[in-house]
Amino acid sequence: MHQDRQGNPLPGASARAAANYDDALLAFNLYRGDPFAALDAMAAEAPDCAMAPIMKAALYALATEPAAAREGRAILDGLAGRRLDEREASHVAAIDAILAGNWSAAARILDRHAIRWPRDLLALQVGHLVDFFRASARSLRDRMARALPAFAGDVPGRSFVLGMYAFGLEESGDYGRAEEAGREACAAEPRDAWAHHAVAHVMEMQGRAADGLAWIEGRAPHWTGDDAFFQVHNWWHMALCHLETDDAASALALYDGPIRGGRSAIAVDLVDASALLWRLAASGIDVGDRWDELSEAWEAHADGHLYPFNDWHAAMAHLGAGKTGHVARILARYREASDTTREASAWARETGLPLIEGFAAFHRGDYEAAVEALSGARHVANTFGGSHAQRDVIDWTMAEAALRGGLRAEAVAFARERLALRPHSPVNARFLRRAEHLAQ
């Protein structure tokens, strides 16, 4: 039986189909190229090999987009009744849980999967992204810690596991080891956009904006290009570094250029665009009519059901564009949801609802209501997706709301919190100066 590069069996595959599988997986590992084209070639070469549709379904499920989720569900429906081996069936069970909105159930399935098949690199990366989309810092770290020994020596794919481990270490606050692992992964495979971004996260969390700019810009040839899926997010990290150095003009130029200039319709790219534009606007920068285009782009994805983290970022764009009715519809969908067994629905009620309400209050100038909503929501926000860097927009908005609302004690407290984490940040120092100048 033919195997993938990590030694996992591929029932029904020919040698050429196995090579197609490896090509698709490498594209996924690198976030570069077209894994779907390789999977289509694999399916044409070996129609009885289930791993081609299984990987394709996984990629659709991880897109966090309603149309892609429908495609993923259709693929799983097509696999129903097919004879699968245990590893294939385990993949299908995890994908089914993702599409059902039960991300933690999918993570547990993939935990057991990786213990039994520790070199299944597809399952490891799917699991890592599931952990990211549910914001489980411990699982981001420990899933790869368990796997790394199985990739000792010259096992293909070790650098990708190390790069994912770097991100898990960073999200767990182990910044020194995270940077070391991320740099080692990038040295082994310079095109690894995820490992590169793990190091950028370290520098963001430590307030090392100058180092971040040097790292991101210096390695740009490795993570940019027409076929680079992850480049918008890395440009977003560069923009955050510019904001931290009080260079809003450069951040806005990145928004107009590589972040939004291509008018990407991909949800993860729209998340970055919303988060950057909101920070700029909250900082007093005139962003003009940029919200209008972004709000329109979000309409295909923010359904108030699939993934609340996306809905929240869509709400930022809708608020900026003055489309409060769009925001009201998302909130109504949350309040009307009656499914108590679906994890994503619980995220919507418990986290998405107060976050969107808080941002809406900020937008309409009800700053005390914004502080009230966000001061509670920020402590549970890490249960429904994203990284620490992405969720920092909550505390940024709350600090700004306290300042605009004249809430001196709260504004000072929030600014001191931020300075404790990034003591050299001009942004945080300015928050404190403004707070201290508020009337007693």
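Attention in this report is confined to the structure presented alongside it. Here, residues in each chain are numbered from 1, in the same order as that chain's written sequence. Per-residue local features of the predicted model are confined to residues with pLDDT of at least 70, and side-chain atom pairs are confined, for both listing and counting, to 80 or more; whole-chain, interface and lining totals are unaffected and use all residues. Side-chain descriptors were evaluated using all non-hydrogen atoms of the structure, hydrogens and water having been removed beforehand.

Focus: the pattern of salt bridges
Okay, so step 1: One side-chain nitrogen of Lys or Arg within 4 Å of one carboxyl oxygen of Asp or Glu is enough to make a salt bridge. Inspection of every chain in the model, using the stated rule, returns 30 salt bridges.
Okay, so step 2: A salt bridge links Lys56 to Asp40; the nearest nitrogen and oxygen atoms lie 2.3 Å apart. Placement of the pair is Lys56 in helix α3 (residues 51-61) and Asp40 in helix α2 (residues 35-45), with a sequence separation of 16 residues.
Okay, so step 3: Buried, partly exposed and exposed residues are distinguished by accessible area as a fraction of the type maximum, computed with a 1.4 Å probe on protein chains only: under 20%, between the cut-offs, and over 50%, respectively. The exposure class of Lys56 is buried, given its relative accessible area of 18%.
Okay, so step 4: With relative accessibility at 41%, the residue Asp40 sits in the partly exposed group. Comment: elements are numbered from the N terminus, with helices defined as DSSP H or I runs of at least four residues and strands as E runs of at least two.

Examining helix α21 (residues 367-377)
Okay, so step 1: If you check which residues of α21 are buried, you get Tyr367, Ala370, Val371, Leu374 and Ala377. Down the axis of α21, the buried side of the element spans an arc of 140°, and every buried residue falls inside it. In α21, the exposed positions that point more than 90 degrees away from the buried face belong to Glu368 and Glu372.
Okay, so step 2: On its buried face, α21 sits against α20 (343-364), α22 (388-404) and α23 (408-421). The arc in question is traced by the directions running from the helix axis to the C-beta atoms. Only heavy atoms matter for contacts: two residues are in contact if any of them lie within 4.5 Å across the pair.

Observations regarding the packing of aromatic side chains
Okay, so step 1: Geometry of aromatic contacts follows a simple scheme: Phe, Tyr and Trp rings, the Trp one being its six-membered ring, pair when their centres are within 6.5 Å, and the pair is stacked under 30 degrees between planes, edge-to-face over 60, tilted otherwise. In total, this model carries 24 aromatic pairs according to the counting rule given.
Okay, so step 2: Aromatic side chains Phe167 and Trp194 sit 5.1 Å apart centroid to centroid with 70° between the ring planes, which places their arrangement in the edge-to-face category. Placement of the pair is Phe167 in helix α9 (residues 158-171) and Trp194 in helix α11 (residues 193-205), with a sequence separation of 27 residues.
Okay, so step 3: Between the aromatic rings of Trp278 and Trp291, the centroid separation amounts to 6.4 Å while the plane-to-plane angle is 70°, which identifies the pairing as edge-to-face. Taken together, the positions of Trp278 in helix α16 (residues 267-282) and Trp291 in helix α17 (residues 290-298) put the pair 13 residues apart, joining distant regions of the chain. For the pair shown, Trp278 and Trp291 are each scored as buried.
Okay, so step 4: Geometrically, a lysine NZ or arginine CZ counts as sitting over a ring once it is within 6 Å of the ring centre and also within 35 degrees of the ring normal. When the ring centre of Trp215 is taken as reference, the NZ or CZ atom of Arg219 above it lies at 5.1 Å.

Thoughts on the side chain of Asp22
Okay, so step 1: Structurally, the position occupied by Asp22 is in helix α1 (residues 15-30).
Okay, so step 2: A positive count includes Lys and Arg, and a negative count includes Asp and Glu. His and the chain ends are not counted in either. This buried residue, Asp22, is left without a salt bridge; Arg5 holds the nearest opposite charge, at 5.0 Å.
Okay, so step 3: Residues contacting Asp22, with those up to four places away along its chain left out, are Asp4 and Arg5.

As for the nonpolar core
Okay, so step 1: The biggest cluster of nonpolar side chains holds 163 residues, and the ones touching the most others in it are Ile259 and Trp312.
Okay, so step 2: The biggest single contributor to this core is α20, with 10 residues.
Okay, so step 3: Not counting residues within four places of it along the chain, the set of residues in contact with Ile259 comprises Val232, Trp235, Trp236, Ala239, Leu254, Ala273 and Leu276. What is meant by a nonpolar core is a set of buried Ala, Val, Leu, Ile, Met, Phe, Trp, Tyr and Cys residues, joined one to another through side-chain atoms within 4.5 Å.

Things to note about the packing of α2 against α3
Okay, so step 1: Contact pair α2 / α3: the axes reach a minimum separation of 9 Å and the direction vectors enclose 155°. As judged from the angle between their axes, α2 and α3 are roughly antiparallel. α2 and α3 meet at a crossing whose hand is left-handed. Across from Pro35, Phe36, Leu39, Asp40, Met42 and Ala43 in α2, the residues of α3 making contact are Met51, Ala52, Met55, Lys56, Leu59 and Tyr60. Note on definitions: angles span 0 to 180 degrees between N-to-C directions of axes, and those axes are lines fitted to C-alpha atoms, for helices only across the stretch in contact. Between 65 and 115 degrees an angle is taken as roughly perpendicular, under 35 as roughly parallel, over 145 as roughly antiparallel, and anywhere else as oblique. Note on convention: near helix rotated counterclockwise from far helix by under a right angle means a left-handed crossing. Clockwise means right-handed.

Examining the packing of helix α7 (residues 121-133) against α9
Okay, so step 1: Where α7 meets α9, the closest approach of the two axes is 11 Å, and the angle between their N-to-C directions is 15°. It follows that α7 is roughly parallel to α9 by the angle criterion. Taken as a pair, α7 and α9 cross one another with a handedness that is left-handed. Counted together, Leu121, Leu124, Gln125, His128 and Phe132 of α7 and Phe160, Val161, Met164, Phe167 and Gly168 of α9 form the full contact between these two elements.

Points about α3
Okay, so step 1: Counting buried residues in α3 gives 10 out of 11 residues, a clear majority hidden from the surface.
Okay, so step 2: Inspection of α3 places Met51, Ala52, Pro53, Ile54, Met55, Lys56, Ala57, Ala58, Leu59 and Ala61 among the buried residues, and these make up the whole buried set.
Okay, so step 3: Tucked inside the fold, the buried residues of α3 contact α1, α2, α4 (66-79), α5 (86-99), α6 (103-116) and α7.

A short note on the state of the cysteines
Okay, so step 1: Put simply, a disulfide is two cysteine sulfurs that come within 2.5 Å. All told, the structure shown has zero disulfides when counted by the stated rule.
Okay, so step 2: No disulfide involves Cys186; its sulfur sits 15 Å from the nearest other cysteine sulfur, which is in Cys241.
Okay, so step 3: A residue is classified by how much of its surface remains accessible, and Cys241, at 4% relative accessible area, is buried.

A closer look at the environment of Pro221
Okay, so step 1: By the secondary structure assignment, Pro221 is in helix α13 (residues 220-223).
Okay, so step 2: Spatially, the C-alpha atom of Pro221 lies 8.7 Å from that of Arg191, the residues being 30 residues apart in sequence.

Description of the environment of Glu368
Okay, so step 1: Summarising the element assignment, Glu368 is placed in helix α21.
Okay, so step 2: Looking at Glu368, the relative accessible area reads 55%, which means it is exposed.
Okay, so step 3: On a C-alpha basis, the gap between Glu368 and Val287 in space is 25 Å, while along the polypeptide they are 81 residues apart.

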